Amino acid sequence: MSSAQQFPFRADHVGSLLRPQQLAKAREAHTHGNLRQGELREVEDAAIEEAVRRQEEVGLPVVTDGEFRRAYWHLDFLTSFSSVRRTAPKVVAQFHTHEGPVPMEAHGLEVVGKVERRQPIFVEHFRYLKQVAKATPKITIPSPSILHFRGGRAAIDADAYPDLEEFFSDLAKAYAAEIRDLAEAGCKYLQIDDTNFAYLCDLGIRDQVRARHGVEPDHLVRLYADLINESIKFRPADMKVMLHLCRGNFRSAWAAEGGYEPVAEMLFNAVKVDGYFLEYDDERSGDFSPLRYLPKGKVATLGLITSKTARLEDSESVKRRIDLAARQAPLDQLALSPQCGFASTCEGNKVSADDQWRKLKLLTGIAAEVWK
């Protein structure tokens, strides 16, 4: 990282960007067998190079590939492990917007044998990003907790894993191998996307956890903290790792609500990452009081710019909210970002590309004023 763009990055973003129309058409053609893999890769490369240029133009010190080579923020990665399979939708997840409920047929995941990483997954994605970026390149990967939370014991083959401790050990080893190869490729900034800590802030979902897993939600908080720690423990000293907490992001809808208080003390102190991306774009995220648990040396990137609606935030209002957060944690431990990506799935949120770039430009301007 250059001296002008050192961590923590005061203006940051969560990673995914709206897919350009040309890329969406190319991916559809490839799905139907009308475009070869190499031809799709060329379209992806061109779209990523343009997205990187746009990110740099709006002043972002950190750039991603927009997750343009993926259909989903999590499934593409996790199903690359051996014995991990995507299952057909069995339940309808209830997402929500301010206008009302949004039902979503949710794919599940199952583990049908031993979990192994037999080859690199996103390493080549990162290499290309690093090649075309002037700003700091960041890669995003889903949290290992995703593979356990929804299905629990029932979704993990009992013959392969009669003891779940061995499952978590193999999963952490698979992640550690990918992180090692990312580091060797030059990755110094890694983001882990996790929905489950945020879901465990929702009182209704906490009740579901008791019914589905037969354990107290706080047990899963500790379990997932340990799992992430085991996954990243061999990262090099110069690799910064951020954990993004998400309450769901599908076509501008969300799945969970509730402030961070139920998990904050454990989240901020037990998970050995360098900082957190925290959703704070509306009232469903609660207040800033959980930031009082943020220890010295860690950063909380405040997701005060929403990726879910086209409305452009008022910069003075955003600055006032940063001031409120700074009453709970020092300003030099805070940063600014959207609350989530603009396209956690390839469909994207209900905003335009112009909306997306205006919001990213706004946040870089606000960050420059607040953290001079």
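Refer to the structure above for everything that follows.
Enquirer: What should I look at first to understand the environment of Ala-335 in this one?
Expert: If you trace the backbone, Ala-335 turns up in strand 10 (residues 334–338). The class for Ala-335 is buried, based on a relative accessible area of 0%. Through-space distance from the C-alpha of Ala-335 to that of Val-299 is 7.2 Å; in sequence the pair is 36 residues apart. Filtering out sequence-adjacent residues up to four positions away, Ala-335 remains in contact with Phe-9, Arg-10, Val-299, Ala-300, Thr-301, Leu-302 and Trp-371.

Enquirer: Explain the packing of helix 6 (residues 164–184) against helix 9 (residues 217–232) here, please?
Expert: For any two helices packed against each other, the geometry comes down to the angle between their axes and how far apart the axes lie. At a minimum axis distance of 7 Å, the contact between helix 6 and helix 9 shows a crossing angle of 40°. By the criterion of interaxial angle, the relationship of helix 6 to helix 9 is oblique. Pair helix 6 / helix 9 crosses with right-handed handedness. Note on element contacts: helix 9 touches helix 6 through Leu-223, Leu-227, Glu-230, Ser-231 and Ile-232, opposite Phe-168, Leu-171, Ala-172, Tyr-175, Ala-176 and Ile-179.

Enquirer: Which parts of the structure should I look at to understand the pairing of strand 5 (residues 139–142)?
Expert: Regular strands show a simple pattern: their side chains alternate between the two faces of the sheet. Residues Ile-139 and Ile-141 of strand 5 are buried on one face, and the alternating residues Thr-140 and Pro-142, pointing to the opposite face, are buried as well. With four bridges connecting them, strand 5 and strand 6 (residues 189–194) associate as parallel partners. Within strand 6, the position partnered with Pro-142 by the bridge is Asp-193.

Enquirer: I'm lost on the sheet that holds strand 8 (residues 275–279) in this one. Help?
Expert: The strands making up a sheet associate through hydrogen bonds between their backbones, and the pairing can be parallel or antiparallel. With parallel pairing, the six strands of this open sheet are ordered in space as 5-6-7-8-9-10. Two strands bound the open sheet, and with one partner strand each, they are strand 5 and strand 10. Averaged over all pairs of adjacent strands, the angle between their axes in this sheet comes to 25°, without regard to strand direction. Pairing analysis gives five bridges linking strand 9 (residues 299–305) to strand 10, with the strands arranged parallel. Looking across to strand 10, one finds that Ile-305 is bridged to Pro-338. Contacting strand 9 and strand 10, helix 11 (residues 315–325) crosses the sheet at an angle of about 150° to strand 9.

Enquirer: Is there a simple way to explain the nonpolar core in this structure?
Expert: One recurring pattern in soluble globular proteins is that nonpolar side chains are buried together. Counting 110 residues, the largest nonpolar core has Phe-81, Phe-167, Leu-190, Phe-197, Leu-243, Tyr-276 and Leu-291 as the members making the most contacts within it. Per-element tally for this core: the top contributor is helix 6, with nine residues. Grouped together as the second largest cluster of nonpolar side chains are nine residues, Phe-9, Val-62, Met-242 and Val-299 included.

Enquirer: Quick question: what am I supposed to make of unusual backbone geometry here?
Expert: Leaving glycine aside, a negative phi is the common case for residues, and trans is the common case for peptide bonds. With an omega of 0°, the peptide bond running from Phe-7 to Pro-8 counts as cis. Mapped onto the fold, Pro-8 is located in the segment before helix 1 (21–31). The phi torsion at Glu-67 lies on the positive side, around 60°, for a residue other than glycine. Looking at Glu-67, the relative accessible area reads 3%, which means it is buried. For Ser-83, which is not glycine, the phi torsion reads 75° and is therefore positive. Exposure remark for Ser-83: the relative accessible area of 14% places this residue in the buried category.

Enquirer: Can you walk me through the packing of aromatic side chains in this structure?
Expert: The geometry of an aromatic ring pair is captured by the separation of the ring centres together with the interplanar angle, meaning the angle of the planes. Under the counting rule described, the total for this entry stands at 14 aromatic pairs. Here Phe-77 and Tyr-175 contribute two aromatic rings whose centre-to-centre distance is 5.4 Å and whose plane-to-plane angle is 55°, an arrangement assigned as tilted. Of the two residues, Phe-77 is situated in helix 3 (residues 75–78) and Tyr-175 in helix 6; the sequence distance between them amounts to 98 residues. Across the pair, Tyr-175 and Phe-77 agree in class, each one buried. Pairing Phe-149 with Tyr-199 gives two aromatic rings, centres 6.3 Å apart and planes at 80°, and the pair type is edge-to-face. In this pair, Phe-149 sits in helix 5 (residues 146–149) while Tyr-199 sits in helix 7 (residues 196–199), placing the two residues 50 residues apart along the sequence. Residue classification places Tyr-199 among the buried residues on the basis of a relative accessible area of 15%. Across the ring face of Phe-149, the terminal group of Arg-212 is positioned such that the distance to the ring centre comes to 5.6 Å. A cation over an aromatic ring shows up here: Arg-247 above the ring of Tyr-260, its NZ or CZ 4.3 Å from the ring centre.

Here is what the cut-offs are and how they apply
- Residues numbered from 1 in each chain as written.
- Predicted model: local features only at pLDDT ≥ 70, side-chain atom pairs only at ≥ 80, totals over all residues.
- Heavy atoms only, no water.
- Helix = DSSP H or I, 4+ residues; strand = E, 2+ residues; numbered from the N terminus.
- Buried < 20%, exposed > 50% of the residue type's maximum accessible area, 1.4 Å probe, protein only.
- Contact = heavy atoms within 4.5 Å.
- Axes fitted to C-alpha atoms, helices over the stretch in contact; angles between N-to-C directions.
- Parallel < 35°, antiparallel > 145°, perpendicular 65-115°, else oblique.
- Left-handed = near helix turned anticlockwise from the far one by under 90°.
- Pairing = 2+ DSSP bridges.
- Core = buried A, V, L, I, M, F, W, Y, C linked by side-chain atoms within 4.5 Å.
- Phe/Tyr/Trp six-rings, centres within 6.5 Å; stacked < 30°, edge-to-face > 60°.
- Lys NZ or Arg CZ within 6 Å of the ring centre and 35° of its normal.

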